[in-house]
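Chain residues, written in single-letter form:
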Amino acid sequence: MRVKEIREIFLDFFEKRGHKILPSSSLIPQADPTLLFTNAGMVQFKKYFLGEEEPEHINVATVQRCLRAGGKHNDLENVGRTTRHMTFFEMLGNFSFGGYFKKEAISMAWEFVTEYLKIPKEKIFATVYEEDEEAEKIWRSETDVRDVFKLGKKDNFWTMGDEGPAGPCSEIIIDRGEEYSKDHNCSGVICGCDRYLEIWNLVFMQYNLLKDGSLQPLKRKNIDTGMGLERVASVVQNVPSVFDTDVFQPLRKVLESEVPGISKDIVAVRVILDSARASAFSIADGIMPSNESRGYVIRRIIRRALRFALNYKDEPFLHKIAVEVATSMSDFWTHLKDKIETIEKAVRAEEERFFETISRVLPIFVKEVSDLKSAGEKEIPAEMVFTFWDTHGLPIDLMKEIAQENSLFIDEQKLEKIIEQKKSLSRKKREEEENIKKRLFYFVGRDFTSEFIGYSTLQSELQVIYIFDNKFERVSYAKQGNEYFIVTEETPFYPEGGGQVGDKGEILGRNGFARVSDTKKLGNVILHRVKVEKGEISLGDKVLLRVDEKKREQSARHHTTTHLLHSALRRILGTHVRQMGSLVEPKRLRFDFSHHSPLSLQQLEDIEHMINEWIMMNMPVEHENMKLEEALKKGALAFFGDKYGKIVRVVKIGEVSLELCGGTHLRKTGEAGILKIIKETSSASGIRRVEAVAGWELLNYIREKEKFVEEIANVLKVSPQDIIPRLITIIDEKKKLESEVESLRKKLLFKISEPVIKEVNGLKLVFDLLEGVGRKELGDMVDNLRSKFADSVVILLSYKDDRISIVCGTSDGGKLDASEIVKELARFLGGSGGGRRDFAEGAGKIKKSKEEILSYIQKIISEMSR
């Protein structure tokens with residue numbers, strides 16, 4: 001029974017039993033910032049389990065693509081070491097939101113496993129939560145299960161994460177036979193080894209796990225089940241591991257063709273096959289490898305596979321397997337078809353980046369390790385490991401392996417502490433914000449909400465209801481010369497959010513005037529940061545809140561054009577482009593997005609042209625509040641990971657853009673004037689950044705450029721149109737002068753050197769020790785001297801900037817190896833070196849006299865020429 005058939009049989013089975021078949025959701029959890037990835041079939045139904053929304057269908061079934069490589073459910077380090085663990089897998093699931101409970105769930109699962117999958121009853125065990133007598137009774141009375149085991153909270157109480165839906169569960173375990181437990185003393189069903197394989201988990205979802213660890217009963221009892229498709233396939237196909245099932249065979253063929261000899265390394269094969277699937281599906285869902293959040297996890301998965309392959313291949317190959325994933329699995333996962341090129345480019349770019357890092361940095365690390373070992377050290381300093389990881393991108397796991405091979409120790413606790421210190425800065429900032437929130441809510445209450453009314457007006461007369469000082473202590477007066485936070489029930493001031501900066505403006509009272517320098521939102525409270533410039537403002541005062549109209553208008557220009565930019569990027573580069581961050585302010589817009597390579601000049605021109613064409617079309621910019629599900633069905637772009645409410649604001653620009661957005665916008669695109677992309681750079685690995693200006697700020701930008709051009713023209717004493725010809729002339733003259741200087745310098749250097757010439761075992765030794773001469777010049781001098789002296793060894797050294805440069809050249813017909821001479825001499829001077837047999841370079845740091853160095857060189861040549 002192939003994987004394809006198992007999927008079909010499962011969906012058909014539950015459809016016939018009153019379940020609506022629904023599509024898989026994305027690997028990016030929709031509007032759920034508590035999760036990195038969709039790690040189970042129930043994630044898309046979380047709102048129904050919690051009773052936040054009513055489901056359209058009471059009973060449903062899905063095949064969900066899942067990734068477990070971060071957070072509570074993380075299988076990354078287990079992949080390769082067992083026959084069953086994967087980061088990416090398919091989960092078959094049936095769900096009920098109050099339609100049925102334990103008895104029906106257990107009965108249907110038993111029927112499917114025994115009658116449809118034909119798994120022998122004598123091989124099937126069940127486990128239940130130790131306090132769940134009802135489930136145990138159902139198993140024993142309604143089925144012929146071999147036995148039922150009662151286990152504790154760790155094994156049989158399911159939670160989605162640190163908070164969220166939870167409940168006791170019951171697992172179906174298959175005994176795969178004694179051959180799967182020969183390598184250890186198996187303790188039976190509870191062993192957790194490959195012999196007793198859990199294939200299906202039935203979760204009786206009846207609680208909500210709160211942040212403080214307490215359980216809150218849900219308003220209805222639900223069923224959430226999950227069966228690992230690849231696991232159950234390994235059982236019905238009777239193969240040793242999930243990686244031997246039919247779905248992996250096309251990938252194996254590509255791997256064995258691309259990396260000869262790797263098939264004998266079972267762990268490496270498993271890690272690479274899993275990585276290919278995880279990266280292909282993640283990239284298809286818009287998760288590009290990067291240094292941030294989800295992207296960093298995908299980078300780790302890819303690099304882990306490449307690290308395991310290093311002994312067999314040191315050039316890109318994984319992208320070919322990832323393409324095969326998309327090709328061979330697109331019959332069911334049809335969304336993969338349009339993403340093949342994106343997957344190939346993104347994985348290949350990541351591979352090239354990894355191998356470039358390895359080739360550039362690994363030799364340096366190996367050299368450092370060698371020096372430590374030579375010095376008799378037993379440990380690689382944790383600080384050194386951190387620097388190679390943090391600064392140079394060398395994988396920690398690879399450094400651990402090298403340490404192990406050299407019998408050196410890495411203090412992993414100390415390393416963790418250093419990494420933790422780096423993280424603590426951002427954590428401290430989050431904690432400070434959380435403390436401010438707590439203090440704020442203490443005064444205003446958690447139910448208080450400031451209403452933003454600034455979509456329709458830029459000024460409003462309102463009453464001051466709270467004033468806080470900089471330490472968030474509640475005060476009654478805001479006095480002249482000091483900064484405060486002022487709260488009103490409503491406000492026309494837009495609070496920073498969605499990438500858009502907070503509004504600036506002024507607050508005018510009968511007894512005082514305050515300048516608003518920023519507007520922020522903490523929880524549901526909008527805070528106006530003010531400095532009182534005249535008089536004072538008191539609690540209860542009626543004040544006029546007035547937004548800076550010009551700044552708001554410029555922010556709106558840049559926000560609307562940000563949406564146009566996003567849409568143009570997706571049309572020209574591909575739908576893999578996803579917003580990874582943005583800044584919208586009066587002076588400019590900045591947009592970070594997922595993409596694997598720099599944009600060409602032609603692509604930037606095409607994007608800019610498309611945006612300005614849309615601006616000139618003067619399309620309407622409309623906004624509408626609707627249910628989140630309705631917005632997503634209409635195709636609105638949502639930035640998954642952000643938390644959205646039941647009702648969302650959708651901004652529609654003509655027929656070219658539809659996004660969820662709470663920001664402020666223009667009424668028509670023509671109000672933007674014109675847009676100019678001023679910069680395109682790398683924001684992080686796998687993430688590009690575009691900066692642009694529009695409207696009045698573009699005019700300012702043009703004026704600055706014109707001023708700059710005029711200044712250059714004045715300096716060069718030419719008109720602006722003659723700048724380029726004049727610069728070409730200057731550069732040509734500069735090159736000519738540099739050539740003349742270089743020629744004169746060489747002649748001078750050759751005259752400065754008065755080398756010592758000695759006979760050593762029939763060879764001429766030409767030696768000199770100079771000062772202030774660079775290594776390149778030394779090389780030129782060596783070439784000059786060895787052309788003058790036949791059958792010679794020329795060695796020149798120079799002290800410069802606390803370093804001793806060493807260059808050696810031979811013209812002895814290959815009798816002596818210049819590389820070996822330099823290595824030995826550099827070691828004598830506390831450094832290192834190497835090169836070719838006839839020409840080598842090195843450096844040292846221990847100063848010695850000319851006589852000492854000459855004596856040591858004579859000794860080296862004497863020993864080598866015997």
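What counts, and at which threshold
Residues numbered from 1 in each chain as written. Predicted model: local features only at pLDDT ≥ 70, side-chain atom pairs only at ≥ 80, totals over all residues. Heavy atoms only, no water. Helix = DSSP H or I, 4+ residues; strand = E, 2+ residues; numbered from the N terminus. Buried < 20%, exposed > 50% of the residue type's maximum accessible area, 1.4 Å probe, protein only. Areas by Shrake-Rupley, 256 points an atom, 1.4 Å probe, with all protein chains shown as cover. Lys, Arg positive; Asp, Glu negative; His and termini not counted. Charge placed at Lys NZ, Arg CZ, Asp CG, Glu CD. Axes fitted to C-alpha atoms, helices over the stretch in contact; angles between N-to-C directions. Left-handed = near helix turned anticlockwise from the far one by under 90°. Contact = heavy atoms within 4.5 Å. Nonpolar A, V, L, I, M, F, W, Y, C, P; charged D, E, K, R; others polar. Phe/Tyr/Trp six-rings, centres within 6.5 Å; stacked < 30°, edge-to-face > 60°. Lys NZ or Arg CZ within 6 Å of the ring centre and 35° of its normal. Pairing = 2+ DSSP bridges. Salt bridge = Lys/Arg side-chain N within 4 Å of Asp/Glu carboxyl O. Arc of directions from axis to C-beta. Polar contact = N/O pair within 3.5 Å; in protein donor to acceptor, adjacent residues only side chain to side chain. Patch = residues over 30% accessible without salt bridge, like charges linked within 9 Å, V, L, I, M, F, W, Y side chains within 5 Å. Core = buried A, V, L, I, M, F, W, Y, C linked by side-chain atoms within 4.5 Å. Parallel < 35°, antiparallel > 145°, perpendicular 65-115°, else oblique.

K.L.:
For this particular structure, what's the right way to read the overall build of the protein?
P.N.:
On a plain count of helices and strands, the protein comes out with 22 helices and 33 strands. The principal-axis extents of the C-alpha atoms in the protein amount to approximately 100 × 85 × 50 Å. Of all 866 residues assigned to the protein, the portion counted as buried reaches 51%. Accessible area for the protein stands at about 41,700 Å²; split by element, carbon and sulfur atoms hold 48% of it. Counting 134 positive and 138 negative side-chain charges, the protein places the centres of these two groups 2 Å from one another.

K.L.:
I'm lost on the packing of helix α8 (residues 266–284) against helix α10 (residues 318–328) in this one. Help?
P.N.:
The angle between the axes and the distance between the axes are what describe a pair of packed helices. Packing of α8 against α10 brings their axes to within 8 Å, and their N-to-C directions diverge by 65 degrees. Judged by the sense of rotation from one axis to the other, the crossing of α8 with α10 is right-handed. The segment α8 lies against α10, with Ile272, Ser275, Ala276, Arg277, Ser279, Ala280 and Phe281 engaging Leu318, Ile321, Ala322 and Val325. Residues belonging to the contact of α8 with α10 are distributed by class as follows: eight nonpolar, two polar and one charged.

K.L.:
I keep staring at the packing of aromatic side chains and nothing clicks. Help me out?
P.N.:
The description of an aromatic ring pair uses the distance of the two centres, along with the angle that the planes make with each other. Summed over all chains, the structure comprises 35 aromatic pairs. Relative to phenylalanine 149, the ring of phenylalanine 125 lies with its centre 6.0 Å away and its plane at 50 degrees, an arrangement referred to as tilted. One end of the pair, phenylalanine 125, is in strand β4 (residues 124–129); the other, phenylalanine 149, is in strand β5 (residues 147–151), with 24 residues separating them in the sequence. Residue classification places phenylalanine 125 among the buried positions, given a relative accessible area of 6%. Look at phenylalanine 281 and tryptophan 333: their rings are 5.8 Å apart centre to centre, the planes differ by 90 degrees, and that puts the pair in the edge-to-face class. Here phenylalanine 281, found in helix α8, pairs with tryptophan 333, found in the loop between α10 and α11 (340–374); they are 52 residues apart in sequence, far enough to count as distant. There is no split in this pair, since phenylalanine 281 and tryptophan 333 are both buried. Taken together, the ring pairs in this structure connect Phe10, Phe13, Phe14, Phe112, Tyr116 and Trp200 into an aromatic cluster. Sitting over the ring of phenylalanine 13, arginine 17 keeps its end group 3.7 Å from the ring centre. Between lysine 848 and the ring centre of phenylalanine 828, over which it is positioned, the NZ or CZ distance is 4.8 Å.

K.L.:
How should the sheet that holds strand β21 (residues 579–585) be read in this particular structure?
P.N.:
Backbone-to-backbone hydrogen bonds join strands into a sheet, with any given pair of strands oriented parallel or antiparallel. Within the open sheet, the four strands sit side by side as β21-β22-β27-β26. Their pairing is antiparallel. For this open sheet the edge positions go to β21 and β26 (675–684), each flanked by a neighbour on one side alone. For this sheet, the mean inter-axis angle between neighbouring strands, taken without regard to orientation, is 15 degrees. Helix-sheet contacts for helix α18 (residues 696–716) involve β26 and β27 (687–694), and the interaxial angle to β27 is about 95 degrees.

K.L.:
Quick question: what am I supposed to make of the pattern of salt bridges here?
P.N.:
Two side chains that carry opposite charge are able to pair once their charged atoms sit near each other. This structure, assessed with the given rule, holds 53 salt bridges. Here glutamate 54 and lysine 219 are joined by a salt bridge, their closest N and O atoms 3.1 Å apart. With glutamate 54 in the loop between α2 (46–49) and β2 (59–67) and lysine 219 in strand β9 (residues 215–228), the pair connects residues that are 165 residues apart, well separated along the chain. Across the pair, lysine 219 and glutamate 54 agree in class, each one exposed. Glutamate 680 is the partner of arginine 688 in a salt bridge, and the nearest nitrogen-oxygen pair spans 2.7 Å. The pair arginine 688 / glutamate 680 is uniform in exposure class, with both members buried.

K.L.:
Please explain the sheet that holds strand β25 (residues 657–660) as it appears in this structure.
P.N.:
Spatially, three strands are ordered β23-β24-β25 in an open sheet, and the strand pairing comes out antiparallel. Strands at the two margins of the open sheet, each flanked by one partner only, are β23 (621–627) and β25. Neighbour-to-neighbour, the strand axes of this sheet turn through a mean angle of 25 degrees, independent of strand direction. In terms of strand pairing, β23 meets strand β24 (residues 647–653) through seven bridges, oriented antiparallel. Residue pairing in the sheet places glutamate 622 in a bridge with lysine 652 of β24.

K.L.:
Help me understand helix α21 (residues 818–828), please; the structure alone is not making it clear to me.
P.N.:
Note: α-helices contain 3.6 residues per turn, so residues at a spacing of three or four share the same orientation. For α21, the full list of buried residues reads Ala818, Ser819, Ile821, Val822, Leu825 and Ala826. The buried side chains of α21 occupy one side of the element, clustering within an arc of 160 degrees when seen end-on. Of the surrounding elements, those touching the buried residues of α21 are β30 (792–800), β31 (803–810), β32 (832–835), β33 (839–844) and α22 (850–864). At the exit of α21 stands glycine 830, carrying a positive phi of roughly 80 degrees.

K.L.:
Is there a simple way to think about unusual backbone geometry in this case?
P.N.:
Most peptide bonds are trans, and most residues other than glycine sit at a negative phi. Of note in the backbone geometry, serine 407 takes a positive phi value of approximately 55 degrees without being a glycine. Within the secondary structure layout, serine 407 lies in the loop between α13 (396–405) and β11 (409–410). In this structure, aspartate 791 is a non-glycine residue whose phi angle is positive, near 50 degrees. With respect to the helices and strands, aspartate 791 occurs in the loop between α20 (775–788) and β30. By relative accessible area, aspartate 791 is classed as partly exposed at 30%.

K.L.:
What should I look at first to understand the environment of aspartate 246 in this one?
P.N.:
Mapped onto the secondary structure, aspartate 246 falls in the loop between α6 (229–236) and α7 (249–258). Of the residues examined, aspartate 246 reaches a relative accessible area of 16% and is grouped as buried. Through-space distance from the C-alpha of aspartate 246 to that of methionine 1 is 9.3 Å; in sequence the pair is 245 residues apart. Setting aside residues no more than four positions away along its own chain, aspartate 246 makes contact with Arg2, Val3 and Gln237. Side-chain polar atoms of aspartate 246 contact the side chain of glutamine 237, separated by 2.5 Å.

K.L.:
Before we go on, may I ask you to explain a nonpolar patch on the surface in this structure?
P.N.:
A contiguous nonpolar surface patch, about 350 Å² in accessible area, is contributed by Ile724, Leu727, Ile728 and Ile731. Here leucine 727 is to be found in helix α19 (residues 723–752). On the accessibility criterion, leucine 727 (34% relative accessible area) is partly exposed.

K.L.:
How do you make sense of the nonpolar core when you look at a structure like this?
P.N.:
Generally speaking, soluble globular proteins have nonpolar side chains that are buried together. One finds Trp139, Ile199, Trp200, Leu318 and Ile380 to be the most contacted residues of the largest nonpolar core, which totals 136 residues. Residues in contact with isoleucine 380, not counting those within four places in the same chain, are Phe365, Val369, Leu372, Val385, Ala403, Leu408, Phe409 and Ile410. Ala556, Ile607, Ile677 and Ala692 belong to the second largest nonpolar core, which has 30 residues in total.

K.L.:
Where do I start with the packing of helix α3 (residues 102–116) against helix α4 (residues 133–142) in this structure?
P.N.:
Close contact between α3 and α4 brings their axes to 10 Å; oriented N to C, the two are set at 40 degrees. With respect to α4, the element α3 is oriented oblique. Crossing geometry of α3 relative to α4 is assigned as right-handed. Contacts between α3 and α4 involve Lys102, Lys103, Ile106, Ser107 and Trp110 from the first element and Glu134, Ala135, Ile138, Trp139 and Glu142 from the second. Residue composition of the contact of α3 with α4, grouped by class: five nonpolar, one polar and four charged.

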